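Chain by chain, the residues run as shown.
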Amino acid sequence: MTKLPTRRKKGFLTRLFSGFGGDGDSSIGLFGLWPFLPGAGYDYRSEAGLLWDNSIVLAGIGWIATTLPEAKLGVGPADGRDADPNHAAAQLIARPNRDYDGTSLWAGTVLSLVTDGNAYWRKVRSRSGQVTELWYVPHYRVEPVWPRDGSEFISGYAMRVDGRHVMLAKEDIVHLRHHVLDPMNERKGLSPIKAALREICTDNESATYTAALLRNSGVPGALISPDGAGDARDLVFEKRQREDLAALWKAKFTGEHRGEPLVAPVPMKVQPF
């Protein structure tokens, strides 16, 4: 593996539409070309943040990641007949490396496919060139590379490792992409969920607003106040009265006792919120 060539300074439009990095002979796809959704002047792509931090998105990812490994994996003809579950490739995917099993490999793959439309596995080879391990690489760390003259569709992959880019041969990366290709970079898949970023941002804002309201401005279910007439002592509840009324209200109107009648021990007014 070798480092990517040093970047040359380019104009904004050149960087925007032709990729970044490279020495003029290769191009690396961008991590999102245009920040705004149709009809929006707000950068929902940045505001949405990590899509898997949204509870609804993660619930969907979790369901797919749980059910996908239930399918029996085998190697054979494209029509699925006579697939061999004991094939070396199937066994490798079932146990891709020494640190986690195929379930974890597929879970990471599903997360990347759902949120980005692309998932990547890195192959580790023995000295003889045989693939001995597979490692999931998060999609935001990998980008396809291709010659600027278009002589190859993909010539390799740039992977970010410890703040720098290293080049990997395309034979050493398994690139799984969504079947809908990204029209801004047809070498990559397009995640349908990216069209729902406004809805994801709305859900995030709603959850944050509700949590902040409950945390900072808790609202009681009802306000109980004295309903005295004339005597000043009837206009204030004593501490013991307040505690007894609060306990009585909870006992009569919470849990399975909701809707029961109440006989007030003292004159009082009840104001619902």
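This text goes with the structure placed above it.
Predicted model only: the values in this text are computed from it and were never measured. (Residues numbered from 1 in each chain as written. Predicted model: local features only at pLDDT ≥ 70, side-chain atom pairs only at ≥ 80, totals over all residues. Heavy atoms only, no water.)

Asker: Whenever I open this one, the overall build of the chain confuses me. Can you help?
Answerer: For the chain, the helix and strand inventory stands at 7 helices and 11 strands. Counting every position in the chain, which comprises 273 residues, the buried fraction comes to 28%. The contacts of the chain with a sequence gap of at least 6 include a subset with a gap of at least 24, amounting to 53%. (Helix = DSSP H or I, 4+ residues; strand = E, 2+ residues; numbered from the N terminus. Buried < 20%, exposed > 50% of the residue type's maximum accessible area, 1.4 Å probe, protein only. Contact = heavy atoms within 4.5 Å.)

Asker: Mind showing me how you'd approach unusual backbone geometry here?
Answerer: Glycine aside, residues mostly have negative phi, and peptide bonds are mostly found in the trans state. The residue Asp162 is not glycine, and still its phi comes out positive at about 50 degrees. If you trace the backbone, Asp162 turns up in the loop between β5 (156-161) and β6 (164-169). Given a relative accessible area of 78%, Asp162 falls into the exposed group.

Asker: I keep staring at the sheet that holds strand β2 (residues 118-125) and nothing clicks. Help me out?
Answerer: The pairing of strands in a sheet happens through backbone hydrogen bonds and is either parallel or antiparallel. If you trace the 3 strands from one edge of the open sheet to the other, you get β3-β2-β7, paired in antiparallel fashion. Of all the strands in the sheet, just β3 (131-137) and β7 (173-177) have a single pairing partner and so form its edges. Averaged over all pairs of adjacent strands, the angle between their axes in this sheet comes to 25 degrees, without regard to strand direction. (Pairing = 2+ DSSP bridges. Axes fitted to C-alpha atoms, helices over the stretch in contact; angles between N-to-C directions.)

Asker: I would appreciate a short explanation of the pattern of salt bridges in the present structure.
Answerer: Note that side chains of opposite charge can pair when their charged atoms are close. Summed over the entire model, instances satisfying the criterion amount to 7 salt bridges. Its salt-bridge partner being Asp172, residue Arg125 comes within 2.6 Å of it at the nearest N-O pair. Of the two residues, Arg125 sits in strand β2 while Asp172 sits in the loop between β6 and β7, which places them 47 residues apart along the sequence. Notably, a salt bridge pairs Glu152 with Lys170, separated by 3.4 Å at the nearest N-O pair. One end of the pair, Glu152, is in the loop between β4 (142-147) and β5; the other, Lys170, is in the loop between β6 and β7, and 18 residues separate them in sequence. Residue Lys170 is classed as partly exposed on the basis of its relative accessible area, which comes to 34%. (Salt bridge = Lys/Arg side-chain N within 4 Å of Asp/Glu carboxyl O.)

Asker: How do you make sense of the environment of Trp249 when you look at a structure like this?
Answerer: Along the polypeptide, Trp249 turns up in helix α7 (residues 239-253). Placed 27 residues apart in sequence, Trp249 and Ala222 show a C-alpha to C-alpha distance of 9.5 Å. Non-local contacts of Trp249, meaning those with residues more than four positions away in its chain, are made with Ala222, Ile224, Thr254, Leu262 and Val270.

Asker: Can you walk me through the nonpolar core in this structure?
Answerer: As a rule of thumb, soluble globular proteins bury nonpolar side chains together. The biggest cluster of nonpolar side chains holds 11 residues, and these are Ala48, Leu51, Val57, Ile61, Ala65, Val110, Leu111, Ile193, Leu197, Ile200 and Cys201. Those elements that provide at least two residues to this core are α3 (55-67), α5 (102-116) and α6 (197-216). Not counting residues within four places of it along the chain, the set of residues in contact with Ile61 comprises Trp52, Val110, Leu111, Val114 and Thr115. Of all hydrophobic cores here, the second largest spans 9 residues; its members include Val137, Val142, Val166 and Leu168. (Core = buried A, V, L, I, M, F, W, Y, C linked by side-chain atoms within 4.5 Å.)

Asker: Explain the side chain of Asn54 to me, please; I cannot follow it from the model alone.
Answerer: By secondary structure assignment, the location of Asn54 is in the loop between α2 (44-48) and α3. The buried category is assigned to Asn54, whose relative accessible area is 3%. A distance of 2.9 Å separates a polar side-chain atom of Asn54 from the backbone nitrogen of Ile56. A polar contact of 2.9 Å, which involves the side chain of Asn54, links it to the side chain of Asp203. The contact partners of Asn54, leaving out residues within four places of it in the chain, are Ile200, Asp203 and Asn204. (Polar contact = N/O pair within 3.5 Å; in protein donor to acceptor, adjacent residues only side chain to side chain.)

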